[in-house]
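So the chains spell out like this:
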Amino acid sequence: MFTSPLRLSRAACAGVAILGLGSLASGGQPGSRSCAEAECPGQESSLLQVHSAAAKDQVLLQTKQQVTPATPQSLGGQAETSGPGEVHCVFTTDCRPFNLWQAELLFFSALQVGQPGPITQIVSGCSEEKVREVSQRHQKLEWPNRFKQHFVERFNDKKSIWLSKPYGVKSWYRSAGPERDVVAVLDPDFVFMRPLTPELDGRGTAIAWPGGDAPQRVKPGVVVAQRYSLVYPDDRQTGPWQLRLTAKGMDNAALLTYVCSGSTTGTSGCTNVTKHEMGFYQSTGVPYIAHRDDWDWLVDDWADITVRLHEHSHQGFLVDMWSWILANVHRKQKQLVLHNFMISDVEPPQYNYEAWSVVDARADDACDAPSIEAFLGNQMKAAGLPHFIHYCVPSESFNKYWFDWGADSGPNALERCDEGGSSSGLKNIMTQVPVRTQQELSELKRVKTMEGQHRSRFMGCAMRSLFKSALRRSCEGRPSAAFVSQGATGDSKM
């Protein structure tokens, strides 16, 4: 297990140092940045074969990924028409139950808020039999036609569990391609709280943008993402930014130049990138949103830089995030870094960069069943809410690792309809969440303030409600749906 020598934060699930110089310390275990789109060390799937890094990198450089297109037609939906105000959202998963229920929950939440436009799940590393199973399950759920699946080979290896995002997105983009001008890359552990469109109503949250007012919508030349606490934005930060990886015979500037351009003497914006640039314009994570004119170069640079960065990184390094950042730096493309796309973490410093104001303004307790269900049912489209909950940080009220963590195969948590109260995960989401005093909170490792508790209860109990609603849709009339509708004693829907 790799252990970073740097002090780590829990910034937006990334498990990275605030100054952007460290990486995952926990080897992908619960509580660190999620293994949402990959097998974690020690959790290898028997369905997936590990390719050698050298062979896979060569395949990727030649863009010869093997693709199995899916045909996830809706059994009861109607075809939607294209719209100029729509985004094509994509996200990557593997074939394990742990990933597959997250994908279903993302689709369900999109349906709940009326997210327009296509959404594609890029599924990596499935056996032929598993492709059939996953496709049939997708059809059985009768999603709208715009909810799709695209199958690709396995990209992750024993060194990195985060290769499937850049490589999978490139494979999909080059073989299937976007159906709208604007494309957004999400994580599977996202749920929608309100629709995502090319309009940037959170542009006022940007700390900096060159040339005056921030753009009002995504267009060519405007690459947009959520701020993550990777590099601190501070005007006092001067001098060159350090990648803090080592390569024989290369100093930091030469290594950055090689990683970004493919040559130590190449021309690249990475060569002399500054701490100021990184802090104000490049400290980003998903969602990644751009116009197809920019994705045309982003998918290639993101994947190619990942190949070279992977070559010189260590196990646990957040290669997908840093290669995205460096792809933009290489082209001297400043990102529009916004703070309103998600809520994920109730701890500093990340919460300073997230859209908590609407949650903070709520006077009621989010874990009161009628309150949260009315809110999710009637107000989720309201302006001011974040677009997503990113439920990557485990909490007392909801923890994604309660469901299918470590399972290599079998039906996922949302299709096991006959478990009912025998499921430990379902028991957890039906257990009352205690309200703690300030004294009690001060003794905890996390969530030490009343404000933090309020936020944590909102996010966790919103996730409980969405999970249970998705389960009821999947398992109508069967024991699991009945259990989460009435509880073990029939007293509460929360």
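Residues numbered from 1 in each chain as written. Predicted model: local features only at pLDDT ≥ 70, side-chain atom pairs only at ≥ 80, totals over all residues. Heavy atoms only, no water.

S.K.: Would you mind going over helix α8 (residues 319–330) in detail, with residue names and values included?
M.R.: Think of an α-helix as turning once every 3.6 residues; residues three or four places apart then point the same way. Across its 12 residues, α8 extends 16 Å between first and last C-alpha, which sits within 8% of the 16 Å expected from 1.5 Å per residue. With 12 of 12 residues buried, α8 lies mostly within the body of the structure. When α8 is considered as a whole, its buried residues turn out to be Val319, Asp320, Met321, Trp322, Ser323, Trp324, Ile325, Leu326, Ala327, Asn328, Val329 and His330. (Helix = DSSP H or I, 4+ residues; strand = E, 2+ residues; numbered from the N terminus. Expected span 1.5 Å × (residues − 1). Buried < 20%, exposed > 50% of the residue type's maximum accessible area, 1.4 Å probe, protein only.)

S.K.: Residue-level account of the nonpolar core, with values.
M.R.: Counting 120 residues, the largest nonpolar core has Trp101, Phe192, Trp295, Trp322 and Phe467 as its most contacted members. Not counting residues up to four positions away in its chain, the partners in contact with Trp295 are Val169, Tyr173, Val183, Val185, Tyr288, Ile289, Ala290, Trp302 and Trp324. Residues Cys95, Cys126, Val131 and Val134 belong to the second largest nonpolar core, which totals 7 residues. (Core = buried A, V, L, I, M, F, W, Y, C linked by side-chain atoms within 4.5 Å. Contact = heavy atoms within 4.5 Å.)

S.K.: So, unusual backbone geometry: which residues are in play, and what are the values?
M.R.: Looking along the chain, the bond that leaves Val286 and enters Pro287 is cis, with omega of 5°. The topology assignment puts Pro287 in strand β8 (residues 284–291). Omega for the peptide link from Pro348 to Pro349 comes to 0°, which places this bond in the cis form. With respect to the secondary-structure elements, Pro349 resides in the loop between β10 (342–343) and α9 (357–360). Phi at Glu142 takes a positive value of approximately 55°, unusual for a residue other than glycine. The topology assignment puts Glu142 in the loop between α3 (128–140) and β4 (147–152).

S.K.: Before we move on, can you summarise the side chain of Arg194 with the specific residues and values?
M.R.: Looking at the element boundaries, Arg194 is found in the loop between β6 (190–192) and β7 (223–227). Assessed through its relative accessible area of 7%, Arg194 is described here as buried. Here the side chain of Arg194 touches Leu385 through a polar contact of 2.5 Å, landing on its backbone oxygen. A distance of 3.4 Å separates a polar atom in the side chain of Arg194 from a polar atom in the side chain of His387. (Polar contact = N/O pair within 3.5 Å; in protein donor to acceptor, adjacent residues only side chain to side chain.)

S.K.: Quick one: what's the story with the packing of helix α13 (residues 450–474) against helix α14 (residues 479–486), residue by residue and with numbers?
M.R.: At a closest axis distance of 8 Å, the pairing of α13 and α14 adopts a crossing angle of 145°. Every pair of crossing elements has a handedness; the one defined by α13 and α14 is left-handed. Between α13, through Lys468, Leu471 and Arg472, and α14, the contact on the second element is made entirely by Ser480, Ala481, Val484 and Ser485. Here the contact of α13 with α14 is built from residues that sort into 3 nonpolar, 2 polar and 2 charged. (Axes fitted to C-alpha atoms, helices over the stretch in contact; angles between N-to-C directions. Left-handed = near helix turned anticlockwise from the far one by under 90°. Nonpolar A, V, L, I, M, F, W, Y, C, P; charged D, E, K, R; others polar.)

S.K.: Run through the state of the cysteines, naming residues and quoting values.
M.R.: If you walk through the whole model with that rule in mind, you get 4 disulfides. In this model Cys95 forms its disulfide with Cys126; the gap between the sulfur atoms is 1.6 Å. Measuring the twist about the S-S bond at about 75°, one finds the Cys95-Cys126 disulfide to be right-handed. Of this pair, Cys95 sits in the loop between β2 (87–93) and α2 (97–113) while Cys126 is found in the loop between β3 (119–124) and α3, placing the two residues 31 residues apart along the sequence. Overall, the relative accessible area of 2% leaves Cys95 in the buried class. With a sulfur-sulfur separation of 2.1 Å, Cys260 is cross-linked through a disulfide to Cys270. Handedness of the Cys260-Cys270 disulfide follows from its S-S torsion of about -85°: it is left-handed. Taken together, the residues span a long stretch of sequence, with Cys260 in helix α5 (residues 252–261) and Cys270 in the loop between α5 and α6 (275–281) at a distance of 10 residues. (Disulfide = S-S within 2.5 Å.)

S.K.: Quick one: what's the story with the sheet that holds strand β11 (residues 388–390), residue by residue and with numbers?
M.R.: One open sheet accounts for 3 strands, arranged β6-β11-β10; its pairing is mixed. This sheet does not close on itself; its edge strands, each paired only once, are β6 and β10. Direction of pairing for β6 relative to β11: antiparallel, over a ladder of 3 bridges. Across the sheet, residue Val191 finds its bridge partner in β11, namely Ile389. (Pairing = 2+ DSSP bridges.)

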